Amino acid sequence: MAADIISTVEFNHTGELLATGDKGGRVVIFQREQESKNQVHRRGEYNVYSTFQSHEPEFDYLKSLEIEEKINKIRWLPQQNAAYFLLSTNDKTVKLWKVSERDKRPEGYNLKDEEGRLRDPATITTLRVPVLRPMDLMVEATPRRVFANAHTYHINSISVNSDYETYMSADDLRINLWNFEITNQSFNIVDIKPANMEELTEVITAAEFHPHHCNTFVYSSSKGTIRLCDMRASALCDRHTKFFEEPEDPSNRSFFSEIISSISDVKFSHSGRYIMTRDYLTVKVWDLNMENRPIETYQVHDYLRSKLCSLYENDCIFDKFECVWNGSDSVIMTGSYNNFFRMFDRNTKRDVTLEASRENSKPRAILKPRKVCVGGKRRKDEISVDSLDFSKKILHTAWHPSENIIAVAATNNLYIFQDKVN
Amino acid sequence: MEFKLEAHRIVSISLGKIYNSRVQRGGIKLHKNLLVSLVLRSARQVYLSDPCPGLYLAGPTGIPTVPPPQQPGEPVAGPPSGWGEPPPPSARAALPEPEPQPQRPSVCHTPGAGSSEPVAAVAGAGDALRGGEADSAAAAWGRVERPRAVASGGGSDTCPEGPRAVRRPCGCPPAREEQPAEDGSPAPPAPCPRKRGAAGVGGGRAGCPAAPGSTPLKKPRRNSEEQPSTGEEDTDEEMETGNVANLISIFGSSFSGLLRKSPAVGREGEEAEESGPEAAEPGQICCDKPVLRDMSPWSTAIVAF
């Protein structure tokens, strides 16, 4: 079912919850089991906690446009009380959802019976106080805010500010700043729309707030550049504070150079000192203090460089891969094709390719590293480039904030892998 | 020659993508179409610059020159990468757009959930809205066809005077610069009306002096989709993807520039500038039979759409 294709994956700040959004507009939240004292070695598993329909397809009659219900991004708010809050967005509308538990219900009403039917008052001879009795746990999700009508173009990112009072939403040409309490207005903080659309040269592809500095954010562009902006400098952050760009390697120039340099994801490290960007073939780590080139570049699947024309034909070259940091910022992870995903250890410079598939992973089995054969003799376990299945792509992954638990979305399946406990 | 074939193939594929994007669910994706248009332009440059025997009549130096990647709005060839800087803020502000505040209630209503008709309706309605462009696109196809018929019937040794010197008299770059003046706005107002929302942290409308008569200005033809809404301040901003849909017609007209001996008349703006440089390229003004032979795959690709 196309509607089941997972379109976003995100752990909450403690890692207790994992949310996924799909093409059909649904959100599914998984919760980690409490580790029981009896089974110390059995790590908590993730089970379905709540499922709800976040967005519905809409039709804009005036513009004759259908608005897809696909969830583009989910971002959690830090937990401040018993309830959980998350933001989910489709192309046009951001919603704030409250997810809360109900495990008691009132019983013993005077005027209605257990089924809720009204009693004949004449039959009531005594009064009693209703009491709260335990019930089966029910998790309910309610939409608390709807932030609509602020984006002409398609929303690609949302990011919660470290002040926990504001967040931003970014579309192709503009970024808006919202206050969680106010839904009928937003501040436009970036606008790169040219007066004449024919002069359009680049679009915004992703945006994120700095994890600690509530005045700082970055946004990436289709031209492979990143701009860091300071909201204290001016209300409209059209002039960047820092501009990160690596000069193009002229030997790699092709028809598709611009496409493969378009950045599909940008993420601050947990420390706030680095940013990581993903373009079609590489992941790059940038030091905020060095604008002229990244400090690290990792090849995700360079063997695709000679296949760009076919990938353009079948639209794969437009796939937007995401990238994630682990909790300590020492390892980065991103997806590839054939249900492969890659991890790069920044310290040891070692990398590994793993596969998310039913055949290759039974519960408790250890993932075997995979290898793509680029030419010459193919070894037994290797897979050749031409055998790669480009319909099986891993675009969305997530890493638990503090433990080695990863969530990998492979089309309409979610895989959760944990580090083996010794 | 393989470069030309490769470039030709890429152009066909790209045009197909742009065309298909018009009927895709969710509306035209600006990012993807921008990238496709970049590929389209690269491929076209390669196609036009790849030296092939018999294709060009060489200029005085005997070597066909690579056409500079002209951009709409740039009077002279820019840096090799071709993409100009964003227009200065004053130019941007000169053409303010009707951008309503988001707190205005949306004019659009959500339909009943799960309506299955929208896809077909979108295609039909979308085409109706874009009927203007379709007409001009059809006209562009017509221009391609007619000169070909004429030229193949007539002689082939038509070579006008001073090929390199010929620039189309429409003088598009100056026209573009004059555009704000033509549209009637006075000196560009301070850049501002992009703020939405009330006053607060540095934002708001308070600090924005609106230029007198800064009512939405109609840009010639380019925003044909927006014109229905420019009269009303309340309407939401249209997602401007007219440049995407127009690429097909631009392509058509640039071929007509290749074939036509006299400077192209017709639509001003980007289209004119696109075919202008081509018309000025040495040797390509001449309707040699080899040129025509090479052109037929192109028109087949275009007619297919």
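In what follows, the structure referred to is the one given above.
These figures come from a predicted structure and were not determined experimentally.

Caption draft 1: Structural view of the overall build of chain A. The number of helices and strands found in chain A is two helices and 31 strands. Relative to its full complement of 422 residues, chain A shows a buried share of 55%. A separation of at least 24 residues holds for 51% of the contacts in chain A among residues at least 6 apart in sequence. A total of about 19,500 Å² of accessible surface is found on chain A, and carbon and sulfur atoms cover 48% of it.

Caption draft 2: Geometry of the overall build of chain B. A tally of helices and strands in chain B yields ten helices and zero strands. Ordered by position from the N terminus, the helices and strands of chain B form the series α-α-α-α-α-α-α-α-α-α. Every one of the 305 residues in chain B was classed for burial, and the buried ones make up 52%. Taking the intrachain contacts of chain B between residues at least 6 apart in sequence as the baseline, contacts between residues at least 24 apart amount to 79%. Summed over all atoms, the accessible surface of chain B reaches about 13,900 Å², with 61% contributed by carbon and sulfur.

Caption draft 3: Representation of the packing of aromatic side chains within the structure. Evaluated as defined, the whole model comprises 20 aromatic pairs over all chains. Ring centres 4.5 Å apart and planes at 40° place the aromatic pair A:Phe52 and A:Trp97 in the tilted group. In this pair, A:Phe52 sits in strand β4 (residues 46-53) while A:Trp97 sits in strand β9 (residues 94-107), placing the two residues 45 residues apart along the sequence. Using a relative accessible area of 8% as the deciding quantity, one classes A:Phe52 as buried. Of the residues examined, A:Trp97 reaches a relative accessible area of 6% and is grouped as buried. Relative to A:Phe217, the ring of A:Phe209 has its centre 6.0 Å away and its plane inclined at 75°; by these criteria the two rings are edge-to-face. Neither A:Phe209 nor A:Phe217 differs from the other in exposure class; each is buried. An aromatic cluster of three or more residues is present, and its members are A:Phe147, A:Tyr167, A:Trp178 and A:Phe180. Over the aromatic face of A:Tyr274 sits the side chain of A:Arg346, whose NZ or CZ is 4.8 Å from the ring centroid. Positioned above the aromatic ring of B:Tyr47 is the side chain of B:Lys4, whose terminal nitrogen or guanidinium carbon lies 4.1 Å from the ring centre.

Caption draft 4: How the structure looks around the environment of A:Glu245. All names here are of chain A. Structurally, the position occupied by Glu245 is in the loop between β18 (242-244) and α1 (257-261). Judged by its relative accessible area of 37%, Glu245 falls in the partly exposed class. Distance from Glu245 to Arg227, taken between C-alpha atoms, is 8.9 Å for residues 18 residues apart in sequence.

Caption draft 5: Spotlight on the sheet that holds strand β10 (residues 131-147) of chain A. Residue and element names in this part refer to chain A. Taking strand neighbours across the sheet as the criterion, the four strands line up as β7-β8-β9-β10 in an open arrangement whose pairing is antiparallel. Every interior strand has two partners, whereas the edge strands, β7 (73-76) and β10, have only one. Adjacent strand axes in the sheet meet at a mean angle of 25° when their direction is disregarded. As defined by bridge partners, strand β8 (residues 84-89) adjoins β9 across six bridges and the pair is classed as antiparallel. Across the sheet, the residue bridging to Leu86 is Trp97, located in β9.

Caption draft 6: Representation of the pattern of salt bridges. Applying the stated criterion across every chain, the model contains 37 salt bridges over all chains. Of the charged contacts in the structure, one is a salt bridge between A:Asp315 and B:Lys17, with a shortest N-O distance of 2.6 Å. Within this pair, whereas A:Asp315 is found in the loop between α2 (308-313) and β23 (323-325), its partner B:Lys17 is found in helix α1 (residues 2-21), the two belonging to separate chains. Looking at A:Asp315, the relative accessible area reads 27%, which means it is partly exposed. Overlapping salt bridges bring together A:Glu66, A:Glu68, A:Glu69, B:Arg25 and B:Lys29 as one network.

Caption draft 7: Focus on α1(B). In a regular helix each residue adds 1.5 Å, so 20 residues correspond to 28 Å; α1(B) covers 28 Å between its end C-alpha atoms and thus fits that length. Buried within α1(B) are the following residues: B:Lys4, B:Ala7, B:His8, B:Ile10, B:Val11, B:Ile13, B:Ser14, B:Leu15, B:Gly16, B:Lys17, B:Ile18 and B:Ser21.

Caption draft 8: Here's a closer look at helix α2 (residues 30-49) of chain B. Under the 1.5 Å per step criterion, the end-to-end length of α2(B) is 28 Å for 20 residues, consistent within 8% with the ideal 28 Å. With 17 of its 20 residues buried, α2(B) lies for the most part within the structure.

Caption draft 9: Main features of the sheet that holds β4(A). Residues and elements named next belong to chain A. Spatially, β1-β2-β3-β4 is the arrangement adopted by the four strands of the open sheet, whose pairing is antiparallel. Edge strands, defined here as strands with exactly one partner in the open sheet, are β1 (6-11) and β4. When strand polarity is set aside, the average angle formed by the axes of neighbouring strands in this sheet is 20°. As judged from the five bridges shared by β1 and strand β2 (residues 17-22), these two strands associate in the antiparallel manner. Bridge pairing in β2 links Phe11 to Leu18.

Caption draft 10: Spotlight on the nonpolar core. One finds A:Phe256, A:Tyr280, A:Tyr312 and A:Ile317 to be the most contacted residues of the largest nonpolar core, which totals 38 residues. Broken down by secondary-structure element, the contributors of at least two residues to this core are α1 and α2 of chain A together with α1 and α2 of chain B. Formed by 15 residues, the second largest nonpolar core is a distinct cluster that contains A:Phe341, A:Leu367, A:Ile406 and A:Tyr415.

What counts as what
Residue numbers restart at each chain and count upward from 1, following the sequence in its written direction. Here chains are named by letter from A upward and ligands by number from 1 upward, in the order in which they appear as written. For this predicted model, a pLDDT threshold of at least 70 governs which residues receive local features, and a threshold of 80 or more governs which side-chain atom pairs are given and counted, while totals over whole chains, interfaces and linings are taken from all residues. By convention in this description, side-chain values take in all heavy atoms of the structure and omit both hydrogens and water. Numbering of helices and strands runs from the N terminus; a helix is a DSSP stretch of H or I covering at least four residues, while a strand is a stretch of E covering at least two. Each residue is assigned to one of three classes by its accessible area relative to the maximum for its type, calculated with a 1.4 Å probe on protein chains only: buried under 20%, partly exposed between the two thresholds, exposed over 50%. Whether two residues touch is decided by their heavy atoms; if any such pair falls within 4.5 Å, the residues are in contact. Throughout, the Shrake-Rupley method with a 1.4 Å probe supplies accessible areas, and for residues the shown protein chains are the sole cover considered. Within 6.5 Å between ring centres, the rings of Phe, Tyr and Trp (the latter by its six-membered ring) count as paired, and their orientation is classed by plane angle as stacked under 30 degrees, edge-to-face over 60, tilted in between. Two limits define a charge over a ring: the Lys NZ or Arg CZ must be within 6 Å of the ring centre, and within 35 degrees of the ring normal. Strand pairing is assigned whenever DSSP detects at least two bridges linking the two strands. Interaxial angle, 0 to 180 degrees, is taken between N-to-C directions of lines fitted to C-alpha atoms, where a helix line uses only the stretch in contact. We define a salt bridge as a side-chain nitrogen of Lys or Arg found within 4 Å of a carboxyl oxygen belonging to Asp or Glu. A helix is expected to span 1.5 Å for every residue after the first. What is meant by a nonpolar core is a set of buried Ala, Val, Leu, Ile, Met, Phe, Trp, Tyr and Cys residues, joined one to another through side-chain atoms within 4.5 Å.

Interpretation note: all reported values are geometric properties and have no functional meaning in isolation.
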